[in-house]
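Take a look at the letters that make up each chain.
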Amino acid sequence: MPARADLRKVLVIGSGPIVIGQAAEFDYSGTQACRALSEEGIEVVLVNSNPATIMTDVEVADRVYVEPLLPSFLERIIERERPDGLLATLGGQTGLNLALALAEDGVLERFGVELLGTPIEAIRTAEDREKFREAMLRLAQPVPPGQTATTVGACLQAAADIGYPVVVRPAFTLGGTGGGIAYSASELAEIAGVGLQSSPIHQVLIERCVLGWKEIEYEVMRDAAGTAITVCNMENIDPMGVHTGDSIVVAPSQTLDDIDYQRLRTAALRIIAGLGIAGGCNIQFALDPRGRDYYVIEVNPRVSRSSALASKATGYPIARTAAKIAVGLHLDEIRNRVTGATTAAFEPALDYVVAKIPRWPFDKFPEMDRRLGTQMKATGEVMAIGRTLPEALLKALRSLDGPGRGLLWPDAASWSETELDGRIAEPSDLRLFAVAEALRRGRPREAVAARTHIDPYFIGQVEEIVACERALAHGTVSLADAKRLGLPDAAIAAITGEAEDAVRARRQAEGIRPVFKVVDTCAGEFPAQTPYFYSTYETEDEVPAAVRPRVVVLGSGPIRIGQGIEFDYATVHAVKALREAGYEAVIVNNNPETVSTDFDISDRLYFEPLTLEDVLHVVERERPLGVLVQFGGQTAINLAGPLAAAGVRVLGTAVDALDVSEDREKFYDLLRRLDVPCPEGGAVTSVAGARGLVARIGLPVLVRPSYVLGGRGMEVAATEEAAAAAAVKALRAGPGYPALIDRYVAGMELELDAIGDGESVLIPGIMEHVERAGVHSGDSVAVFPGQHVPPSVAERAIEIAALLSRALGVRGFLNVQYVYDGRALYVLEANLRSSRTVPFVSKAVGVPLVQIATRVMLGDALADLGFSGVHRLAAPPRVAVKAPVFSMEKLGRAESAVGPEMKSTGEVMGIDADPGAAMLKALTASGILIRERSVLAALADSDKPQAGEVFAAFARAGLRLFATPATAAALRAAGLPVVDVNPEDPFASHAIGLVVNTPTRGGDSGRDGFRLRRQALARRIPCLTSLDTARALAEVLSLDPERLAVEPLAGRPLQ
Amino acid sequence: MTAFLVLEDGAVFPGRRIGVPDGGAGEVVFTTSMTGYQEVLSDPSYRGQIVTMAYPLIGNYGFSAEAWEAEGPHVAGFVVRHDHAGLDGFLREAEVSGLAGVDTRALVLHLRTHGLRRGVIADSPGPEAVRRAAAVVPPGMRDLVGEVSCRETRRLPGPGPRIALIDCGVKAGIVQALRRRGCEVVLVPHDAAPAAVEALDPAGVLVSNGPGDPAVLASTIATVRALVERVPLMGICLGHQLLALALGGRTYKMKFGHRGSNQPVREASNGRVMITTQNHGYAVDPALPPDVEITHLNLNDHTVEGLRHRELPAFSVQFHPEGRPGPGDAEELYDRFLAMADEGTHAGSR
Ligand SMILES: Nc1ncnc2c1ncn2[C@@H]1O[C@H](COP(=O)(O)OP(=O)(O)O)[C@@H](O)[C@H]1O
Ligand SMILES: Nc1ncnc2c1ncn2[C@@H]1O[C@H](COP(=O)(O)OP(=O)(O)O)[C@@H](O)[C@H]1O
Ligand SMILES: [Mg+2]
Ligand SMILES: [Mg+2]
């Protein structure tokens, strides 16, 4: 049966901002779904609050709404668009929960909107832990002994019956939010309390803990005719107890014999049929390693992170297929784009193995608890493809872009035996390295397996790598064999004591280079049409000769704080521009979640690590005109120098110019030469030096280690003592590197993204940060175009950008951050690459900036594109506001207050003709929902002077004021009615809707403020940590969110 | 020790010897099953063939008594990319010669493009090896079924209906599927006379899978032709081809066959697609006599996957409903067979 004719218009819900547990995978699936629906001639309306996504591009859907993902806004969009159907299973947990809300409020019924694909009841059954257990019992599927509970008391009772340890699993949450393993009643009371709060329906499941069982996932598809298939299964190397999103995962399963494989597969098919799911779902099983018992752990009745991984691992486009099924197509009516000849009704066969490793933010939050459990902590992941497991694992490891070299962790050798033992026993980001270290030190495989509960097979695979390391050290293995096993040049160099390029030279001399094979869904049974490649050390290469000139685009690798989905957006747009300009676009990337690694985005996709070695292999194979490094964030930029040194042509801005912008000293020198003011400062190598410098430039100062990025380890110091302490910390953070100290310039932070071609400069406009400088640009609320920027300052900012652009010979992007202290405009930094804000600005002005920049890098002049001289785009009709979104509830002990170090994982955009409305939309979309009309203030002394006017605004908006004693006094002094609260536990006695807590000193878990922020988080009460943000919110609170207009994005095509 | 898979067309695939140090000659085929290497090794239908595993990692989860499809291995050789510790020893014990470290994907693509080739595992890749490869007796010229069929009748007791199983090299999985359903299974040699089978007074006859070219099995075809008139009958894989031939159809050799656990098959009656396990190099020509109906088609290449006689209680499928290795999506075909057998008996008793 063809697509249903009665579905003319379909509304697709996106997943909103990137948070831990819900990342770029939903941009991938959502974008794929929209394309799949358009193919069927259906008019697609999309809503998503996240501007950094491809799916919110005007080309992706017929109409794109960037509006808050809240029922009231969706209702207005539905009222305006009157879609026939709603597709909610592609927007993650957010999409599902919204669909449920819209159904419950009767909105769908009122406007005659049909929920497509999986029926609401199936969703409820899968998400409601109680209904789910009942359903499984009905289907005769085993689930762990357990009970659902809605009170802590009931939880304790349940645990008493089941016996400790127990697992706490909240309903309707994602990423294991609020869950955990409790070994005692006291632990349970605590975990259950949080768990109940984090579940929208205040329900948790208390369950027998099957720690150490194998965790196996199946990706299943089913159509309305009842045909069902499993796309693939995946095995978590980390057994039960570590969230699948935090586990190292391989596909297909490696330690299941055919009997177990088929038993679980059969169970999966029975479950998807029993739940009546039409589309895709993810089913998680626990399998007893000692026998054949299994439990069904959960079903996610939607596309998921795992389905994105499965799609990339197999070449089977799950989201696309799910969308087609949702509009009535059957699996055998959907063509398999890979073979062209077969249909979607089959099960992929792999002739390679895939490894996925999560990317965690521990490097950004040193104070954070590195241990892994049932609550997800990873912000992203990498995937690697190899012909053997060691090859795939080693590729994945170097895709992480971390300090490890192969399985060598920098200081592993220095770990004491007890330290090492703890590291293998307790799951953490270092466990794989620890396992390798243990084997290196001669611990027997079985012992390590027993200690880790990791299957001996996997330990054995690590052992193969360790054995090869040893053989290399003794010179008893050939370079060819070491490469065939998968060791990177860097690891080989580290072992043999050579330089990495010496190893490469040896390889080239011996003609040792990888071939590239095709991912074809069928293990070679059919000729494949897809240009989806991975490298391996085999005999036959399958890359077809290219017809057109090629350009390589470097992606940005795994999503991490400071380098998010924005860079995938840029990568995809660069590819688009290349193809339109008649080139073959070649992508190198390793992130399975993203749109850029969808095999039909580029002309050729190389799923490879982003290291010099791997990129050079692609370049040697493709012989491109050049490489584009400006779109893949810092990962790609860092490769520019080495690539150029290896004789590769880097398109766009010259490499030495890039170097100037990356090297603070050189950059400050340039600014001085152009006599553009920048904060006074310098590099120091000792505390004495620090004191001296501070004495010269004056307080406050901003201190940071010199070698890190993302504002990592930055601190603002107001006293000389604090400055000295911060300097020590910075020096420790980067032994051998100086600490950088700049005068801290208090004032308005401005930012702009420009495109230069050496001659002309295109300036889309200027962003104004709501928070004063000192809050990382990535964490501040930004308004475009800036509303309070004096024209003269704007002129000056543009003038400086033009100066820099010409001085640096910018060909491509230029991002400049400024601070204006009321007198002078200082430049903080410039990035010669597509920045975090490029997608936001592109959407705000409705101009595809990345495509323009790409044209320029290919040699076009801006003038030819219609932008000559210093061309400032006219202000768009609507104001856009970008607000950051944090995942702090997942990050344990980490400090949640904003500062110079970036912490947010995602962002949302509010856009409206009225600046206030845009602000309210952005803040609302970012999760600042005031459930009680009251605000609690606890402010640093430095903020108390301005507190009066801010909280007066809150009062005017009808919020009751509460405050901790000192702050209360200040507010009273300002003539405001305020209730004192006990800082120990203000929430017990009062219903608080919003917390404004500005820290005196961040990161100090001992202080009231820190505890207050944590308590607010646990209670899901919005907490603002900058008075500036509070002010911006207070000013717009009087607006009624229910009254705000919804408008689709407008786009200006590139002429 | 380095060794080579040398094909009759001169193609050479280097690797490392595993299993027994000599031997390894036959028709080179590939399977895309990702699990079930032990089942593959012991499936009698692979008799005389060197099996290439397209999935690169073999031996990972060890070996188990449950996974045997016959008393021992039947493959003529075993070619893998990466052998996990244990496979080597297993092959030695089983006296199978194998080759590891092979670019199996290159080999699969070669066979897919040029069709199946005969080959040998040789210590040196020279022209002499090519000659030996070309000298390997083609499947059609060799009584493969005779090598794997039981010599005399064997009774496996069961409370339920008696099923005569014409053993052309039956997989243990098929026997188990019947016995799980309570059947008494009587294995009869492939060349048993119709009378001998009828003498068993079976409720139904199942013609099993097996190796090689069905067209050369004249006596078995005759037996099936005689029995199909009188006893409810089901054919599986080779048995399916034999039924087609017995009913006046034709079979042909495929370019490289179907071997794997992911073959989609559509059932004509309800449009449902099921994922099936297959292992065959010959197929039934769709041009069939009018009284024979095609019940199943392969979704990928539209080859005949199942047929039934319009009047007689007889049907057959090209795939393996029991999986092993692979899905049991089609298991209920055994129930259909037994239901048919049941009706048959009642009809007979009337
Ligand atoms: N009964 C259990 N015993 C041990 N670990 C469990 C159990 N149930 C769940 N887990 C672990 O908790 C993780 C997260 O649980 P889950 O409810 O699936 O969270 P989410 O719904 O966010 O995926 C699982 O991936 C698994 O590793
Ligand atoms: N001299 C300074 N005065 C005031 N604020 C500063 C100063 N230098 C940096 N900052 C603040 O720190 C943030 C991060 O600094 P930046 O150099 O942009 O780090 P990154 O390289 O991570 O972008 C800036 O967004 C700004 O808010
Ligand atoms: Mg879940
Ligand atoms: Mg889960």
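Scroll up to find the structure.
Residues numbered from 1 in each chain as written. Chains lettered and ligands numbered in written order. Predicted model: local features only at pLDDT ≥ 70, side-chain atom pairs only at ≥ 80, totals over all residues. Heavy atoms only, no water.

### Let's talk about the overall build of chain A
The cut-off we apply is this: Comment: elements are numbered from the N terminus, with helices defined as DSSP H or I runs of at least four residues and strands as E runs of at least two. Here the globule rule is a power law, 2.2 Å times the number of residues to the power 0.38, and the radius of gyration is based on C-alpha atoms. Only protein chains enter the area calculation, which uses a 1.4 Å probe; residues under 20% of their type maximum are buried, those over 50% are exposed, and those in between are partly exposed. The contact rule is simple, with two residues in contact once any of their heavy atoms fall within 4.5 Å. Residue burial considers only the protein chains on display, and all accessible areas are found by Shrake-Rupley using a 1.4 Å probe.
When helices and strands are counted, chain A shows 35 helices and 40 strands. Compactness check: chain A gives a C-alpha radius of gyration of 28 Å against a globular reference of 31 Å for 1055 residues, within 12% of the reference. Here chain A, with 1055 residues, has 67% of them falling under the buried criterion. Across chain A, the fraction of contacts at a sequence separation of at least 24, relative to all contacts at a separation of at least 6, is 71%. In the form shown here, chain A has an accessible surface area of approximately 33,000 Å², with 52% of it arising from carbon and sulfur atoms.

### Describing the coordination of the magnesium ion (ligand 4)
All names here are of chain A. Inclusion rule: Coordinating donors are taken as N, O and S atoms within 2.8 Å of the metal, stretched to 3.2 Å for Na, K and Ca; because water is absent from the atoms, sites can appear incomplete.
Listed as protein donors to the magnesium ion (ligand 4) are Gln284 (OE1), Gln284 (NE2) and Glu298 (OE); their distances from the metal cover 2.1 to 2.6 Å. Here the magnesium ion (ligand 3) and the magnesium ion (ligand 4) are spaced 4.2 Å from one another, each receiving a donor from Glu298. Of this pair, Gln284 sits in strand S13 (residues 279–287) while Glu298 sits in strand S14 (residues 294–300), and the two are 14 residues apart along the sequence. An identical accessibility class is assigned to Gln284 and Glu298; each is buried.

### Thoughts on the site of ligand 1
Residue and element names in this part refer to chain A. Quick note on the threshold: A cutoff of 4 Å decides nearness: a residue is near a molecule or strand if any of its heavy atoms lies inside that distance of it. Between N or O atoms, a polar contact is any pair within 3.5 Å; within protein, one atom must be a potential hydrogen donor and the other a potential acceptor, and residues adjacent in sequence are included only when both atoms are from side chains.
The environment of ligand 1 is formed by 20 residues, the closest being Arg169, Gly176, Arg208, Glu215 and Glu298. The side chain of Arg129 places a nitrogen or oxygen atom 2.9 Å from an oxygen atom of ligand 1. Alone, ligand 1 offers 550 Å² of accessible surface; in the complex the protein occludes 97% of this. Within the residue set of the shell around ligand 1, elements represented by two or more residues are strand S7 (166–170), strand S9 (204–208) and S14.

### Concerning the packing of helix H14 (residues 431–440) of chain A against helix H15 (residues 445–452) of chain A
All names here are of chain A. Note the cut-off: To obtain an axis, a line is fitted to C-alpha atoms, over the contacting stretch when the element is a helix, and the angle between two such axes runs from 0 to 180 degrees between their N-to-C directions. Orientation is classified from the angle alone, with under 35 degrees giving roughly parallel, over 145 giving roughly antiparallel, 65 to 115 giving roughly perpendicular, and any other angle giving oblique. Helix crossings are classified by the rotation of the near helix relative to the far one: an anticlockwise turn of less than a right angle makes the crossing left-handed, while a clockwise turn makes it right-handed.
In the contact formed by H14 and H15, the axes pass within 10 Å of each other and the chain directions differ by 150 degrees. The angle between the axes of H14 and H15 places the two elements in the roughly antiparallel class. Along this stretch, H14 crosses H15, giving a crossing that reads as right-handed. Seen from H14, the contacting residues are Arg431, Val435, Ala438 and Leu439; seen from H15, they are Arg445, Val448 and Thr452.

### Details of the coordination of the magnesium ion (ligand 3)
In this structure, Glu298 of chain A (OE), Glu298 of chain A (OE) and Asn300 of chain A (OD1) serve as the protein donors to the magnesium ion (ligand 3), at separations of 2.6 to 2.8 Å. Exposure remark for Asn300 of chain A: the relative accessible area of 8% places this residue in the buried category.

### Some thoughts on unusual backbone geometry
Note: most residues except glycine have negative phi, and most peptide bonds are trans. Looking along the chain, the bond that leaves Ala251 of chain A and enters Pro252 of chain A is cis, with omega of -10 degrees. Residue position: Pro252 of chain A is located in the loop between strand S12 (249–251) and helix H9 (258–275). With an omega dihedral of -5 degrees, the bond running from Arg324 of chain B to Pro325 of chain B counts as a cis peptide bond. Residue position: Pro325 of chain B is located in the loop between strand S19 (314–317) and helix H10 (332–349). The phi angle at Arg1020 of chain A is positive, at roughly 55 degrees, despite the residue not being glycine. With respect to the secondary-structure elements, Arg1020 of chain A resides in the loop between helix H34 (1008–1018) and strand S40 (1023–1024).

### Remarks on the interface of chain B and chain A
What counts, and what does not: Note on terms: buried area is the combined drop in 1.4 Å-probe accessible area of two parts once they are placed together, counting the loss on both. Think of a salt bridge as a Lys or Arg side-chain nitrogen and an Asp or Glu carboxyl oxygen that are within 4 Å of each other. Residue polarity is assigned by list, with Asp, Glu, Lys and Arg as charged and Ala, Val, Leu, Ile, Met, Phe, Trp, Tyr, Cys and Pro as nonpolar; anything else, Gly included, falls into the polar class.
Each partner contributes residues to the interface: chain B has 41 residues there, and chain A has 48 residues. Here chain B and chain A share an interface that buries about 3,900 Å² over both sides, 49% of which is from carbon and sulfur atoms. Considering only the side of chain B, the residues that lose the most area to chain A are Met34, Arg81 and Arg105 of chain B, jointly responsible for 18% of the buried surface there. Put simply, chain B and chain A have eight salt bridges between them. Glu538 of chain A serves as the salt-bridge partner of Arg81 of chain B, at 2.8 Å between the closest nitrogen and oxygen. At the boundary of chain B with chain A, the tally comes to 23 residue pairs in polar contact (both at pLDDT 80 or more). Here the residues of the side of chain B that touches chain A sort into 17 nonpolar, 14 polar and 10 charged.

### As for the pairing of strand S35 (residues 906–912) of chain A
All names here are of chain A. Our working definition: Here, strands pair whenever DSSP counts at least two bridges between them.
Of all the seven residues making up S35, seven are buried; the element is thus mostly covered by neighbouring parts of the structure. Residues of S35 alternate between two faces, with Gly906, Val908, Gly910 and Asp912 on one and Glu907, Met909 and Ile911 on the opposite face, all of them buried. As paired strands, strand S34 (residues 879–885) and S35 are joined by seven bridges and run antiparallel to one another. Looking across to S35, one finds that Val885 is bridged to Gly906.

### Some remarks on the sheet that holds strand S1 (residues 9–13) of chain A
Residue and element names in this part refer to chain A. Pairing within the open sheet is parallel, and its five strands lie in the order S3-S2-S1-S4-S5. Each of the sheet's edge strands pairs with one partner strand only, and the pair in question is strand S3 (63–65) and strand S5 (114–115). Inspection of the sheet shows S1 paired to strand S4 (residues 85–87) by three bridges, in the parallel sense. Counterpart to Val12 in the pairing with S4 is Leu87. This element, helix H1 (residues 25–39), spans S1, strand S2 (43–47) and S4 of the sheet and lies at about 160 degrees to S2.

### Overview of helix H3 (residues 104–114) of chain B
Residue and element names in this part refer to chain B. Of all 11 residues in H3, nine are buried; the element is thus mostly enclosed. Taken as a whole, H3 has its buried residues at Thr104, Arg105, Ala106, Leu107, Val108, Leu109, His110, Leu111 and Arg112. In the stretch just after H3, Gly115 is the one whose phi turns positive, near 90 degrees.

### Considering the packing of aromatic side chains
What counts is decided by this rule: Here a pair means two rings of Phe, Tyr or Trp (six-membered ring of Trp) with centres within 6.5 Å. Their orientation is stacked below 30 degrees between planes, edge-to-face above 60, and tilted elsewhere. In our convention, an over-ring charge means Lys NZ or Arg CZ found within 6 Å of a ring centre and within 35 degrees of that ring's normal.
For the structure shown, the criterion picks out 20 aromatic pairs over all chains. With a centroid separation of 5.8 Å and an interplanar angle of 85 degrees, the aromatic rings of Tyr218 of chain A and Phe285 of chain A are classed as edge-to-face. Separated by 67 residues along the polypeptide, Tyr218 of chain A in strand S10 (residues 214–222) and Phe285 of chain A in strand S13 bring together distant segments of the chain. Residue Tyr218 of chain A is classed as buried on the basis of its relative accessible area of 0%. Their ring planes at 75 degrees and their centres at 5.4 Å tell us that Tyr457 of chain A and Phe458 of chain A sit as a pair that is edge-to-face. No difference in accessibility class separates Tyr457 of chain A from Phe458 of chain A, as the two residues are buried. Among the aromatic residues, those joined into a ring-pair cluster are Tyr37, Tyr61, Phe63, Trp68 and Phe90 of chain B. Between the NZ or CZ atom of Lys312 of chain A and the centre of the ring of Tyr28 of chain A, over which it lies, the distance is 3.9 Å.

### Observations concerning the sheet that holds strand S4 (residues 49–53) of chain B
Residues and elements named next belong to chain B. Strand order around the closed barrel formed by seven strands is S1-S2-S8-S6-S4-S3-S9, with mixed pairing between neighbours. Between one strand and the next, the sheet's axes are offset by a mean angle of 35 degrees, whatever the strand orientation. When S4 meets strand S6 (residues 77–79), the two strands line up parallel, connected through three bridges. Within the sheet, the bridge partner assigned to Val51 lies in S6 and is Phe78. Set on the sheet, helix H2 (residues 87–94) makes contact with strand S2 (12–19), S6 and strand S8 (97–100); between it and S2 the angle comes to about 75 degrees.

### A look at the side chain of Asp288 of chain A
All names here are of chain A. Tracing the sequence through the fold places Asp288 in the loop between S13 and S14. Since its relative accessible area comes to 11%, Asp288 is described here as buried. Once residues lying within four places of it in the same chain are set aside, the contact partners of Asp288 are Trp213 and Asp293.

### Some words on helix H16 (residues 456–474) of chain A
Residue and element names in this part refer to chain A. Operational definition: Expected span of a helix: the number of residues minus one, times 1.5 Å.
Helix length check: H16, at 19 residues, gives a terminal C-alpha distance of 26 Å against a target of 27 Å (1.5 Å per residue), a fit within 8%. Its side-chain oxygen at 2.8 Å from the backbone nitrogen of Tyr457, Asp455 defines the N-terminal cap of H16. Once H16 finishes, Gly475 follows within two positions and takes phi at roughly 65 degrees, a positive value.

### Brief notes about the nonpolar core
For clarity, the threshold we go by: Residues enter a nonpolar core if they are buried and are Ala, Val, Leu, Ile, Met, Phe, Trp, Tyr or Cys, with the set joined through side-chain atoms within 4.5 Å.
Residues Phe285 of chain A together with Leu5 and Phe78 of chain B are the most contacted members of the largest nonpolar core, which totals 226 residues. By size, the runner-up hydrophobic cluster in this structure holds 74 residues, among which are Leu939, Ala952, Leu971 and Ala1032 of chain A.

### Regarding the pattern of salt bridges
Tallying each qualifying case throughout the model produces 113 salt bridges over all chains. One salt bridge in this structure joins Lys921 of chain A and Glu67 of chain A, with 2.9 Å as the shortest N-O distance. Residue Lys921 of chain A is located in helix H30 (residues 915–925), and its partner Glu67 of chain A is located in the loop between S3 and helix H2 (71–81); the two are separated by 854 residues in the primary sequence. Accessibility expressed as a relative area gives 1% for Lys921 of chain A, which makes it buried. Its relative accessible area of 0% is what places Glu67 of chain A among the buried residues. Asp520 of chain A is the partner of Arg105 of chain B in a salt bridge, and the nearest nitrogen-oxygen pair spans 2.9 Å. Here Arg105 of chain B, found in helix H3, pairs with Asp520 of chain A, found in the loop between strand S17 (515–518) and strand S18 (532–536), and the two come from separate chains. Assigned by exposure class, Arg105 of chain B and Asp520 of chain A land together as buried.

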